[in-house]
Amino acid sequence: EKSGLQEETWLLGNAAPLCQYVMECNSAISTIYLCTATGQNIHFDGDAAKKAALGELPPAMERPWYAEAKEKDTLYVSNAYDDLLGRGLCLSVSMPIYSPDGGFAGALGFDILVGEITERLNAGLVDGAYFVLFGTEDVIAAPGLTEDNKDELPVFWDEVRAKPGGTNRVRDGGSDLYITWASVELTDWRLVYVCAADYMTERATRIHRDLVSMSQDTSGRMDKSIRMFALLLAVLLLAVISAAALIAKKLARRIASPILTLTQGAEIIGAGDLEHVLTVRTGDEVERLASTFNTMVANIRQITAEKERIGAELNVAMQIQTSMLPSIFPAVPERPEFDVYACMLPAREVGGDFYDFFFVDEKTLAVVIADVSGKSVPAALFMVIARTLLKNNAQSGLAPADVFAFVNNMLCENNDASMFVTAFMGYLDVPTGRFRYANAGHNPPLIRQGESFAWLPVETDMALAGMEGMSYAQRETVLAPGDVLYLYTDGVTEAENEAEAFFGEDRLLETAEKHRELPPQALAEAVLAEINGFAGGKEQADDVTMLTLRYNGRKRGAK
């Protein structure tokens, strides 16, 4: 056991691999700082050559990121400044760390490159559209932002800072722009979506052309009818021709006038004035058409801005979530003792399922699969927290059942949304094949020991975050060379077809048995193909996640 400075030194030393992993998964982070209240610290930077060229930095406890996190007792975000290593503009983000008794234990800080933020925000946007991220005093991220021009505030700065959110049309130089903005949680920042007015009015212009064409067709048909009517009357009586011509002229004016109003209004809207309202009082279908047109223009303005904002945010969230899960296979080619493959297909842009596999120590491989209640962004956020806690506690030396007990209590704290996680975790002792595992309310895995697949015996313990103080049972088995373990989430067994029937556990067992000789990746792909064939055209309702592990036995020459 360790205590005092020895424990702090041991913990800081074990934090280095985690820092390296975080930086590999998040290219926007350039530097990670971790400093304890006693002054011990690590400073992890991906560019050691540049760091050495700058000379020794001030002590960590005197740096703003540490001092502000300690003083404010909450998340601290700095203004944009020029990176000390010459990599462009960056931000410092830090937060305090507390000991189990609630005392201040230190601070954790990140440097985030503004250029990476700008690139991710603006990826995939249409021409003429871009995002601007404002801080409390200056621009944090925008296309073309540098140290020299970050204090040059756009014309809509005052309006955006005055309100937490809104939509407006502004003029910047010789260009008309539409802006939509909202506050960024945990900060006093504003994220502003800027789009050229020409793009926003493109749809209105197309409608205008259709209305003009309809107006021309209607006028042509009416003129033809009037001419035929006048010709018929001319044959009967010249006197009636004069009266009929006068009546027809007045009738034409009455019919054409509201259509002309529609045409003129469409031209105004097509020119970019989406606030213009058509006013027609005829009491017939022309008036209803004008009212429908007004509603449609309002919806176009609101829906387009909202859809693009949400789409951009979900795209960033999907990229971040995908980067956190192992996705390169073969995963550990230098370890022929086992093969592992995993995949996740979220039902929405981001999902609540996750999987992981990592070494607890040199000879022990941990595998995890879990399913968070709910879907989309809330489930994805809870997934990140659960995955981090499970991995950190597993690598601290705890057994699977002890990891679940500790993580369960951590997740129960401040769980106002009443979310929970079903999970399965197992440790494979690679030299011997000994497999220890625990289950927290998750679907029982399939295991092939010998010739056939069967269900791995598991306990039906409570899901994580369900209730504090829960204990979890631990079982074990021994894998022989060639044995296969198949983990999955309920998105596999609960996949539905057009008749609303489930794929089911029996069909899953039959599928695994049919493809039992396939390697891990091919087995997972075969199960997925069976699910797709069963579902037909039915839309996926839940995340589908699988992890397959085959034990090959001790590598040649190992002791």
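This text goes with the structure placed above it.
Okay, so let's go over this structure.

Rules behind the numbers
- Residues numbered from 1 in each chain as written.
- Predicted model: local features only at pLDDT ≥ 70, side-chain atom pairs only at ≥ 80, totals over all residues.
- Heavy atoms only, no water.
- Helix = DSSP H or I, 4+ residues; strand = E, 2+ residues; numbered from the N terminus.
- Buried < 20%, exposed > 50% of the residue type's maximum accessible area, 1.4 Å probe, protein only.
- Contact = heavy atoms within 4.5 Å.
- Areas by Shrake-Rupley, 256 points an atom, 1.4 Å probe, with all protein chains shown as cover.
- Salt bridge = Lys/Arg side-chain N within 4 Å of Asp/Glu carboxyl O.
- Pairing = 2+ DSSP bridges.
- Axes fitted to C-alpha atoms, helices over the stretch in contact; angles between N-to-C directions.
- Arc of directions from axis to C-beta.
- Patch = residues over 30% accessible without salt bridge, like charges linked within 9 Å, V, L, I, M, F, W, Y side chains within 5 Å.
- Lys, Arg positive; Asp, Glu negative; His and termini not counted.
- Charge placed at Lys NZ, Arg CZ, Asp CG, Glu CD.
- Parallel < 35°, antiparallel > 145°, perpendicular 65-115°, else oblique.
- Left-handed = near helix turned anticlockwise from the far one by under 90°.
- Nonpolar A, V, L, I, M, F, W, Y, C, P; charged D, E, K, R; others polar.

### Here's the deal with the overall build of the chain
Piece 1. Looking only at helices and strands, one finds 14 helices and 21 strands in the chain.
Piece 2. When the 559 residues of the chain are sorted by exposure, 43% land in the buried category.
Piece 3. Across the chain, every contact between residues at least 6 apart in sequence was considered, and the portion connecting residues at least 24 apart equals 61%.
Piece 4. Split by element, the accessible area of the chain, about 29000 Å² in all, is 55% carbon and sulfur.

### A closer look at the pattern of salt bridges
Charged atoms that come close allow side chains of opposite charge to pair.
Piece 1. This structure, assessed with the given rule, holds 13 salt bridges.
Piece 2. Among the ionic pairs, Arg335 bridges to Glu337, the shortest N-O distance being 3.2 Å. Taken as a pair, Arg335 and Glu337 share a single burial class, namely buried.
Piece 3. A salt bridge links Glu459 to Arg475, with the shortest nitrogen-to-oxygen separation between them at 3.0 Å. One end of the pair, Glu459, is in the loop between β18 (453–455) and β19 (475–478); the other, Arg475, is in strand β19, and 16 residues separate them in sequence.

### Quick notes on the sheet that holds strand β14 (residues 364–372)
Piece 1. Pairing within the open sheet is antiparallel, and its five strands lie in the order β13-β14-β15-β16-β19. Both edges of this open sheet fall to β13 (353–361) and β19, since each of them pairs with a single strand only. Ignoring strand direction, the axes of neighbouring strands in this sheet form an average angle of 20°.
Piece 2. In the packing of helix α10 (residues 376–395) onto the sheet, the strands contacted are β13, β14 and β15 (421–429), and the crossing angle to β13 comes to about 15°.
Piece 3. Sheet strands in contact with helix α11 (residues 400–412) are β15 and β16 (434–440), and its direction is about 150° off that of β15.

### Quick notes on helix α13 (residues 505–514)
Piece 1. Those residues of α13 that fall on the buried side of the exposure criterion are Leu508, Thr511 and Ala512. Projected onto a plane normal to the axis of α13, the buried residues spread over an arc of 95° and lie on a single side. The outward face of α13, more than 90 degrees from its buried face, is lined by the exposed residues Asp506, Glu510 and Lys514.
Piece 2. Tucked inside the fold, the buried residues of α13 contact β17 (446–448), β18, β20 (484–488), α12 (490–493) and α14 (520–535).

### Thoughts on the sheet that holds strand β21 (residues 544–551)
Piece 1. In space, the five strands of this open sheet follow the order β12-β21-β20-β17-β18, with antiparallel pairing throughout. Across the chains shown, the open sheet's two edge strands, defined by having one partner strand only, are β12 (338–345) and β18. For this sheet, the mean angle separating the axes of adjacent strands, direction not counted, is 15°.
Piece 2. In this fold α13 packs onto β17, β18 and β20, with an angle of close to 150° to the strand it touches most, β18.
Piece 3. Strand contacts of α14: β12, β18, β20 and β21, with the helix running at about 150° to β21, the strand carrying the most contacts.

### As for a negative patch on the surface
Piece 1. Together, Asp82, Glu147, Asp148 and Glu152 make up a region of like negative charge exposed at the surface.
Piece 2. Tracing the chain through its elements places Asp148 in the loop between β8 (139–141) and α5 (157–162).

### A look at the side chain of Asp542
Piece 1. Along the chain, the position of Asp542 falls in the loop between α14 and β21.
Piece 2. Asp542 has contacts with Leu345, Ala347, Asp371, Lys375, Asp490 and Gly491, leaving out every residue within four places of it along the chain.

### Some remarks on the packing of α13 against α14
Piece 1. One way to put it is that α13 packs onto α14 with a least axis distance of 10 Å and a crossing angle of 135°. Comparing the axis directions of α13 and α14 gives the class oblique. Every pair of crossing elements has a handedness; the one defined by α13 and α14 is right-handed. On α14, the residues that touch Arg507, Leu508, Thr511, Ala512 and Lys514 of α13 are Leu523, Ala526, Val527, Glu530 and Phe534.
Piece 2. Its residues assigned to classes, the contact of α13 with α14 shows six nonpolar, one polar and three charged.

### Digging into the pairing of β16
Piece 1. Where burial is concerned, most of β16 is hidden: five out of the seven residues are buried.
Piece 2. Direction of pairing for β15 relative to β16: antiparallel, over a ladder of five bridges. Bridge assignment links Met425 to a residue of β16, and that residue is Ala438.
Piece 3. Hairpin connection, β15 to β16: the antiparallel pair is bridged by four residues, and Gly433 has positive phi, about 85°.

### Things to note about the packing of α10 against α11
Piece 1. Where α10 contacts α11, the two axes come as close as 10 Å, and the packing angle between them is 145°. Between α10 and α11 lies a crossing whose hand is right-handed. Two secondary-structure elements touch here, α10 through Phe382, Ile385, Ala386, Leu389, Leu390, Asn393 and Ala394 and α11 through Val403, Phe404, Phe406, Val407, Met410 and Leu411.
Piece 2. Partitioning the contact of α10 with α11 into residue classes produces 12 nonpolar, one polar and no charged.

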